[in-house]
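Close look at the chain arrangement
Spelled out, the chains give:
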Amino acid sequence: MTDGITLDGVKLRLGERDFRFDTRLAAGRITAVTGPSGSGKSTLLNLVAGFDQPDSGSIKILGEDVTARHPSERPVSLVFQDNNLFAHLDLFTNIGLGISPSLKLSKEDRLAISTALDRVGLSGFEKRKPGTLSGGERQRAAFARALVRKKPVLLMDEPFASLDPGLRRSMADLLVELHRETGNTVLIVTHDPEDVRVLADDAIFINAGEVRLHAPAESFLERHDIDGLDLFLAARHK
Ligand SMILES: Nc1ncnc2c1ncn2[C@@H]1O[C@H](COP(=O)(O)OP(=O)(O)OP(=O)(O)O)[C@@H](O)[C@H]1O
């Protein structure tokens, strides 16, 4: 197995909470990140993205040690809950920033932005500011920005949480399509066992700051011997 993301002896304390991650995630696979609220799912993504720094241990992405690297220098795209969209810039510009922080955009780049907006169903929204969009539209805009960045690692924190079931499905299909095209390494935080079934190659279950199970999606869904996992598997997205 080629390593996509490795957390080696990573320890971190945030307030009163301790986290320990010793995990290797295979390259080129979609891994669902599950666990109860407050267990450490977002913290795991923040460590990989570089928004949280481990107190000890190291983090590698595609074999390269990124522990000391600034978030902007890590080969990752993010779709996080707050969408990280700039309120004063229109959607076209927000997505363009995903390609070039100085907004030096070639003709191909501009075409890629239009195509990405089209793929997430936001054609015609180019001039809109994030504040004029619904929560689900903002999530889709964040997804479009991840599409144009073409980084080898994609980190998604509940990216479909504000979408209705129809849109969830089409965004999930788009993610799988993108993954087939690029072979990127995807971590997706979800509270929905259906996402594990439909989207994921592998799944991990985090509880109280540690990975308690890491398994291929199919066998993950059949496990009944892990504390707290039954509750997750019994959940149905409303
Ligand atoms: N900067 C911080 N200072 C203190 N505590 C923090 C900090 N960041 C996170 N925590 C705590 O660490 C725990 C894990 O947070 P995290 O956001 O990783 O959980 P999660 O599994 O993503 O939860 P959810 O499903 O609710 O989004 C929570 O109890 C949270 O309050």
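Residue numbers restart at each chain and count upward from 1, following the sequence in its written direction. Thresholds applied to this predicted model are a pLDDT of at least 70 for local features of residues and 80 or more for the giving and counting of side-chain atom pairs; totals over whole chains, interfaces and linings are not thresholded and use all residues.

If you look the protein up in an unreviewed UniProt entry, it shows as Thiamine transport system ATP-binding protein from Neorhizobium alkalisoli. UniProt positions are given in the numbering used here, feature names are shortened, and annotations may be inferred rather than shown by experiment. Looking at the Sequence similarities (unreviewed entry) heading of the UniProt record, one finds this comment for the protein: "Belongs to the ABC transporter superfamily."

Details of helix α4 (residues 135–149)
Numbered from the N terminus, helices here are DSSP runs of H or I no shorter than four residues, and strands are runs of E no shorter than two. Expected span of a helix, by definition, is 1.5 Å for each gap between consecutive residues, and there is one gap fewer than residues. Taking 1.5 Å per residue as the helical rise, α4 with its 15 residues ought to reach 21 Å, and the 22 Å between its terminal C-alpha atoms agrees with that figure. To assign burial, the other C-beta atoms lying within 10 Å of each residue's own C-beta are counted, with C-beta atoms placed from the backbone; 20 or more indicates buried, 12 or fewer indicates exposed, and intermediate counts indicate partly exposed. Three or more residues of α4 are buried, namely E137, R138, Q139, R140, A141, A142, F143, A144, R145, A146 and L147. Those residues of α4 that are buried lie in contact with β6 (76–79), α2 (91–99), α3 (107–119), β7 (153–157) and α5 (165–182). At the exit of α4 stands K150, carrying a positive phi of roughly 50°. Residue pairs qualify as contacts under a 7 Å threshold applied to their C-beta atoms, which are placed from the backbone.

Considering the confidence of the model for the protein
The quantity called pLDDT is the predictor's confidence in a given residue, expressed from 0 to 100. With 97% of its residues at a pLDDT of at least 70, the protein reaches an overall mean of 91. The secondary-structure element of the protein with the lowest mean pLDDT is α5, recorded at 87, while strand β4 (residues 56–61) shows the highest, at 98. Here the predicted complex carries an ipTM of 0.95, next to a pTM of 0.91.

So, the site of the ligand
Surrounding the ligand, one finds L14, G15, R17, G35, S37, G38, S39, G40, K41, S42 and T43. At three residues, helix α1 (residues 41–49) tops the list of elements feeding residues into the shell around the ligand. Charged means Asp, Glu, Lys or Arg here, nonpolar means Ala, Val, Leu, Ile, Met, Phe, Trp, Tyr, Cys or Pro, and polar covers whatever is left, Gly included. Here the shell around the ligand is built from residues that sort into one nonpolar, eight polar and two charged. Each residue gets a C-beta atom placed from its backbone. If that atom is within 6 Å of a molecule or strand, the residue is near it.

Digging into the domain arrangement of the protein
Each assigned domain of the protein is listed here: domain 1 (27–54 + 67–75 + 151–238) and domain 2 (85–150). With 11 residues of domain 1 at the interface, the matching set in domain 2 holds 11 residues. A per-element tally of the side of domain 1 that touches domain 2 places α5 first, with five residues. An automatic or database domain assignment provides the domain bounds reported here.

Topic: the environment of L14
Looking at the element boundaries, L14 is found in strand β1 (residues 3–14). Along the chain, L14 and T43 lie 29 residues apart, while their C-alpha atoms are 9.3 Å from each other.

Some points on the pairing of β6
Both faces of β6 are covered, namely the face carrying V76 and L78 and the face carrying S77 and V79. When DSSP finds two or more bridges between two strands, those strands count as paired. Across four bridges, β6 lies against β7 in parallel orientation. Residue pairing across strands places V76 opposite V153, the latter belonging to β7.

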